[in-house]
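# Notes for the structure review
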Amino acid sequence: MTQLYWETIGEGKQDLVLLHGWGLNAEVWRSIISRLTSQFRLHLVDLPGYGRSQNYAAMDVQTMADLVWQQAPKKAIWLGWSLGGLVASRIALDHPLEVKGLITVASSPCFQASENGWPGIKAEVLLGFEHHLATDFQRTVERFLALQTLGTHSARNDAKLLKSVVLDQPIPTVEVLNAGLEILRVTDLRDELKNSTLPFLRIYGYLDGLVPRKVATLLDNLYPNSPSVLMRHSAHAPFISHPDEFCEYILDFWARIEE
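Now for a quick tour of the structure. These numbers come from a predicted model, not from an experiment. The residue numbering used here restarts from 1 in each chain and proceeds along that chain's sequence as written. Where local features are concerned, this predicted model is filtered to residues with pLDDT of at least 70; where side-chain atom pairs are given and counted, the filter is 80 or more; whole-chain, interface and lining totals use all residues. Excluding hydrogens and water, the side-chain figures rest on all heavy atoms present in the structure.

## What about the pairing of strand β3 (residues 40-45)?
A regular strand places its side chains so that they alternate between the two faces of the sheet. Working definition: with a 1.4 Å probe on protein chains only, accessible area under 20% of the residue-type maximum means buried, over 50% means exposed, and in between means partly exposed. Strands are runs of DSSP state E lasting at least two residues, helices are runs of H or I lasting at least four, and both sets are numbered from the N terminus onward. When you tally the buried positions in β3, you get five out of six residues, the bulk of the element. Pairing between two strands requires that DSSP report at least two bridges joining them. One ladder, built from four bridges, connects strand β1 (residues 6-9) with β3; its direction is antiparallel. Each bridged residue has a counterpart across the sheet, and for Ile9 the counterpart in β3 is Leu42. Relative to β3, strand β2 (residues 14-19) is paired through six bridges, and the arrangement is parallel.

Encoded structure:
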């Protein structure tokens with residue numbers, strides 16, 4: 001049976017599962033691991049088809065969430081970045097009694113912009129990425145990574161780090177990457193999350209070009225019991241550009257759950 005790449009590290013008693021974003025793998029979390037291992041037992045996962053979890057076909061968000069859940073500790077806090085935020089949210093919705101809390105980072109329950117004013121990535125941009133993946137794989141991935149750091153003081157170094165995370169591990173297939181873009185294009189968890197009673201923290205980057213900061217305000221109104229944080233100098237990868245500030249928000253959230 002194929003197994004996901006799953007690394008557990010840390011001396012803390014609380015399990016914290018970390019799910020990466022599109023095109024990447026669990027190595028993306030290396031900049032914050034040392035800041036969290038004394039408080040948490042961290043679970044670093046390569047999502048199905050990504051990184052070292054190679055032997056999986058393309059799949060939708062439900063299938064991906066079900067696979068990850070099979071190896072997961074119960075009563076964990078789930079932290080999902082970007083695409084990983086959709087997977088973590090799907091797991092939290094499906095297993096509310098066995099999940100302790102949900103943190104989404106630079107993520108949205110609905111990534112695609114809509115004609116009724118919902119902010120997000122335009123449909124033609126997502127479809128364009130799908131088209132270009134087939135013709136110029138590496139340049140398309142690099143362009144997407146550059147978009148994630150655009151606007152920050154450390155943008156060049158952050159993009160270089162993200163690129164190394166991709167290139168140092170097995171590259172996902174075009175089919176897996178296209179399926180990931182399809183998840184971003186079609187998934188909409190706004191209404192389901194509205195009914196969730198789980199502790200739920202949302203972290204955003206003020207400079208994020210993929211998940212506009214307006215999403216935070218709209219969801220503040222939609223989810224009045226879910227606090228949000230807008231990291232002023234961050235873009236789409238706040239845990240890379242500002243790891244200390246980012247980890248403070250994680251620890252504060254955990255402290256509130258434990259009260």
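## Observations concerning the sheet that holds strand β7 (residues 228-231)
Across the sheet, which stays open at both edges, the seven strands sit in the order β1-β3-β2-β4-β5-β6-β7 with mixed pairing between neighbours. Where the open sheet ends on each side, the last strands, each with one partner, are β1 and β7. The sheet shows a mean angle of 20° between the axes of neighbouring strands, direction not considered. Any two residues whose heavy atoms approach within 4.5 Å are treated as being in contact. Lines are fitted to the C-alpha atoms to define the axes, a helix being fitted only along its stretch in contact, and any angle between axes, read from their N-to-C directions, falls within 0 to 180 degrees. Across the sheet, helix α3 (residues 83-94) is in contact with β2, β4 (76-81) and β5 (99-105); its angle to β4 comes to roughly 150°.

## Side note on the side chain of Ser89
Relative to the elements of secondary structure, Ser89 occurs in helix α3. Looking at Ser89, the relative accessible area reads 3%, which means it is buried. Here Gly85 takes part through its backbone oxygen, which lies 2.7 Å from a polar atom of the side chain of Ser89. Beyond its immediate stretch of four places on either side in the chain, Ser89 contacts Leu102, Thr104, Leu189 and Leu193. Two N or O atoms count as a polar contact when they lie within 3.5 Å, although within protein this holds only if one can serve as hydrogen donor and the other as acceptor, and sequence-adjacent residues are included solely when both atoms are side-chain atoms.

## Considerations on the packing of aromatic side chains
Stacked, tilted and edge-to-face pairs are distinguished by plane angle, under 30 degrees for stacked and over 60 for edge-to-face with tilted covering the rest, among Phe, Tyr and Trp rings (Trp via its six-membered ring) whose centres lie within 6.5 Å. Considering all chains together, one arrives at seven aromatic pairs under this definition. Arranged with centres 6.4 Å apart and planes meeting at 75°, the rings of Trp29 and Trp81 form a pair that is edge-to-face. Taken as a pair, Trp29 in the loop between β2 and α1 (30-36) and Trp81 in strand β4 lie far apart in primary sequence, 52 residues in all. This pair shows no difference in class: Trp29 is buried, exactly as Trp81 is. Summarising the aromatic geometry, the rings of Phe200 and Tyr223 are spaced 6.0 Å apart at their centres and angled 40° between planes, so their arrangement reads as tilted. With Phe200 in strand β6 (residues 200-205) and Tyr223 in the loop between α9 (214-222) and β7, the pair connects residues that are 23 residues apart, well separated along the chain. Taken individually, Phe200 and Tyr223 each receive the classification buried, so the pair is uniform in this respect. By the ring-pair criterion, three or more aromatic residues cluster together here, those being Trp29, Trp81, Phe239 and Phe246.

## A closer look at the pattern of salt bridges
Here, a salt bridge means any side-chain nitrogen of Lys or Arg that lies within 4 Å of a carboxyl oxygen of Asp or Glu. Applying the stated rule across the entire model yields 13 salt bridges. Where Asp46 meets Arg52, a salt bridge forms, and the shortest distance between an N and an O atom there is 2.8 Å. Classification of Asp46 by relative accessible area gives buried; the value is 0%. Judged by relative accessible area, which is 24%, Arg52 ranks as partly exposed. Arg90 is the salt-bridge partner of Asp94, the closest N and O atoms lying 2.9 Å from each other. Taken together, the positions of Asp94 and Arg90, both in helix α3 and four residues apart, correspond to about one turn of that helix.

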